[in-house]
Amino acid sequence: MQNPPPHYGVSPQGAGNKSALGLEGNIAAAVGYIIGILALILIFIEKDNRFVKFHALQSVFYSIGITVLLLVLTVVSTVLTIGVAAVSESLGFIVGLLVTLIYLVLALAMIVGVVYAAYKAYQGQIVKLPIVGNLAEKIANK
């Protein structure tokens, strides 16, 4: 997670400007990470502040990505656990424990990512999360 140079893409200058909700830009961007529905609303109503729009888009894309990843993991792990448990109950139990560990790691990664991005947004900084950051930037700059 790197901060791009000031001349690159979305500028942090919108952090001090008001958002479409009337909040300071940095506060609206940070709260958008914590309250996902607010980020979704900001995507549609924010017209002028690219800083807020970038963070709102990134928040929504990040949440969607984690959700899709968890759904795929659920399907794969269910099929795998049932298949392995049919052969050996103890091996099925071990696979179930490993899947639970993977869920916990993903949940921790999601929480850490959201808190980190919200903190940086509150500071008025642009931080691009892996994969979703570039997509959010492209859309915010349109």
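Only a predicted model underlies this, so the values are computations on that prediction, with no experimental measurement involved. (Residues numbered from 1 in each chain as written. Predicted model: local features only at pLDDT ≥ 70, side-chain atom pairs only at ≥ 80, totals over all residues. Heavy atoms only, no water.)

**Q** Any chance you could explain the pattern of salt bridges here in plain terms?
**A** A side chain of one charge can pair with a side chain of the opposite charge if their charged atoms are brought near each other. All chains considered together, the criterion is met by two salt bridges. Measuring nitrogen to oxygen at the nearest pair gives 3.3 Å for the salt bridge that ties Glu137 to Lys128. Taking relative accessible area as the criterion, Lys128 reaches 14% and is therefore assigned buried. (Salt bridge = Lys/Arg side-chain N within 4 Å of Asp/Glu carboxyl O. Buried < 20%, exposed > 50% of the residue type's maximum accessible area, 1.4 Å probe, protein only.)

**Q** Mind showing me how you'd approach the nonpolar core here?
**A** Nonpolar side chains in soluble globular proteins tend to end up buried together. If you look at the biggest cluster of nonpolar residues, it comprises 27 residues, and the most contacted ones within it are Tyr33, Leu42, Phe51, Leu57 and Tyr62. It is helix α3 (residues 50–87) that provides the largest number of residues to this core, a total of nine residues. Excluding residues that lie within four positions of it along the chain, Tyr33 makes contacts with His55, Gln58, Ser59, Val114, Ala117, Ala118 and Ala121. (Core = buried A, V, L, I, M, F, W, Y, C linked by side-chain atoms within 4.5 Å. Helix = DSSP H or I, 4+ residues; strand = E, 2+ residues; numbered from the N terminus. Contact = heavy atoms within 4.5 Å.)

**Q** Where do I start with the layout of surface pockets in this structure?
**A** Regions of empty space are outlined by a rolling probe, equal in size to a water molecule, passed over the atoms. In this structure, the largest pocket spans a volume of roughly 220 Å³. Phe61, Tyr62, Gly65, Ile66, Leu69, Leu106, Ala109, Pro130, Ile131 and Val132 together form the lining of the largest pocket. Of all the secondary-structure elements, those providing two or more residues to the lining of the largest pocket are α3 and α4 (89–122). With five residues, α3 is the single largest residue contributor to the lining of the largest pocket. Of the residues belonging to the lining of the largest pocket, the class tally is nine nonpolar, one polar and no charged. (1 Å grid on protein atoms, 1.4 Å probe; cavity = no way out; pocket = protein on both sides within 12 Å on 5 of 7 lines; lining within 4 Å. Points joined across faces, edges and corners; volume = space filled by probe spheres on them. Nonpolar A, V, L, I, M, F, W, Y, C, P; charged D, E, K, R; others polar.)

**Q** Looking at this structure, I do not really get the packing of α3 against α4. What am I missing?
**A** The angle between the axes and the distance between the axes are what describe a pair of packed helices. The contact between α3 and α4 brings their axes to 9 Å, and the two run at 175°. Judged on the interaxial angle alone, α4 and α3 are roughly antiparallel. (Axes fitted to C-alpha atoms, helices over the stretch in contact; angles between N-to-C directions. Parallel < 35°, antiparallel > 145°, perpendicular 65-115°, else oblique.)

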